[in-house]
Amino acid sequence: MSRLTPMDIFNKDFKHAIRGYDIEEVNEFLDLVIKNYEEVLQENEYLKDQIKKLKKNQGGSGAAPNQNDDLMDQILMRLERLEQIVLR
């Protein structure tokens, strides 16, 4: 299964049922899900860019490797948490 996009969530239609959910309430919740999902995707991209920059700087600079490694580990942990949240 491919990853959902905010537009997939936005365009999702559900069948109407006699004893179904309140359409407005569902739509409001889906709007909130879309907004939060977009924020998670943006943060994920930002963190990936940070990792790339750190790797690039680590290759040619005399910066303390342990400091960069710690920062990269923190960023990777945040990425993993974000992916777990998104994939639930």
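Our structure's up above, just so we're on the same page.
Each value, and the rule that gives it
- Residues numbered from 1 in each chain as written.
- Predicted model: local features only at pLDDT ≥ 70, side-chain atom pairs only at ≥ 80, totals over all residues.
- Heavy atoms only, no water.
- Phe/Tyr/Trp six-rings, centres within 6.5 Å; stacked < 30°, edge-to-face > 60°.
- Lys NZ or Arg CZ within 6 Å of the ring centre and 35° of its normal.
- Core = buried A, V, L, I, M, F, W, Y, C linked by side-chain atoms within 4.5 Å.
- Buried < 20%, exposed > 50% of the residue type's maximum accessible area, 1.4 Å probe, protein only.
- Helix = DSSP H or I, 4+ residues; strand = E, 2+ residues; numbered from the N terminus.
- Contact = heavy atoms within 4.5 Å.
- Patch = residues over 30% accessible without salt bridge, like charges linked within 9 Å, V, L, I, M, F, W, Y side chains within 5 Å.
- Areas by Shrake-Rupley, 256 points an atom, 1.4 Å probe, with all protein chains shown as cover.
- Salt bridge = Lys/Arg side-chain N within 4 Å of Asp/Glu carboxyl O.
- Lys, Arg positive; Asp, Glu negative; His and termini not counted.
- Charge placed at Lys NZ, Arg CZ, Asp CG, Glu CD.

Quick word on the packing of aromatic side chains
Given two aromatic rings, their pairing is described by the distance between the two centres and the angle made by the two planes. Following the criterion strictly, the structure yields 0 aromatic pairs and no others. The positively charged end of lysine 12 is found above the aromatic ring belonging to phenylalanine 14, 5.4 Å away from the centroid.

With respect to the nonpolar core
Soluble globular proteins tend to bury their nonpolar side chains together. In terms of nonpolar packing, the biggest core is built from 8 residues, these being Val40, Leu47, Ile51, Leu54, Met72, Ile75, Leu79 and Leu82. Looking at this core, the elements with two or more residues in it are helix 2 (23–60) and helix 3 (65–87).

A short note on the side chain of asparagine 44
Its place among the elements puts asparagine 44 in helix 2. Apart from the residues lying within four places of it in its own chain, the contact partners of asparagine 44 are Arg3, Leu79, Leu82 and Glu83.

As for a negative patch on the surface
A contiguous patch of negative charge on the surface is contributed by Asp22, Glu24, Glu25, Glu28 and Asp31. For glutamate 25, the location among the structural elements is in helix 2. Under the relative-accessibility criterion, glutamate 25 is labelled exposed at 53%.

Things to note about the pattern of salt bridges
According to the stated counting rule, one finds 2 salt bridges in the structure shown. Across the salt bridge formed by lysine 35 and glutamate 39, the nearest N and O atoms sit 2.8 Å from each other. One end of the pair is lysine 35 and the other is glutamate 39, both in helix 2 and 4 residues apart, which spans about a single turn. Classification of glutamate 39 as partly exposed rests on a relative accessible area of 37%. Between arginine 78 and glutamate 43 there is a salt bridge, and its shortest N-O distance comes to 2.3 Å. A residue pair is termed long-range when its members are at least 10 positions apart, and arginine 78 in helix 3 and glutamate 43 in helix 2 qualify at 35 residues. Arginine 78 sits in the partly exposed class, given a relative accessible area of 38%. Under the relative-accessibility criterion, glutamate 43 is labelled partly exposed at 26%.

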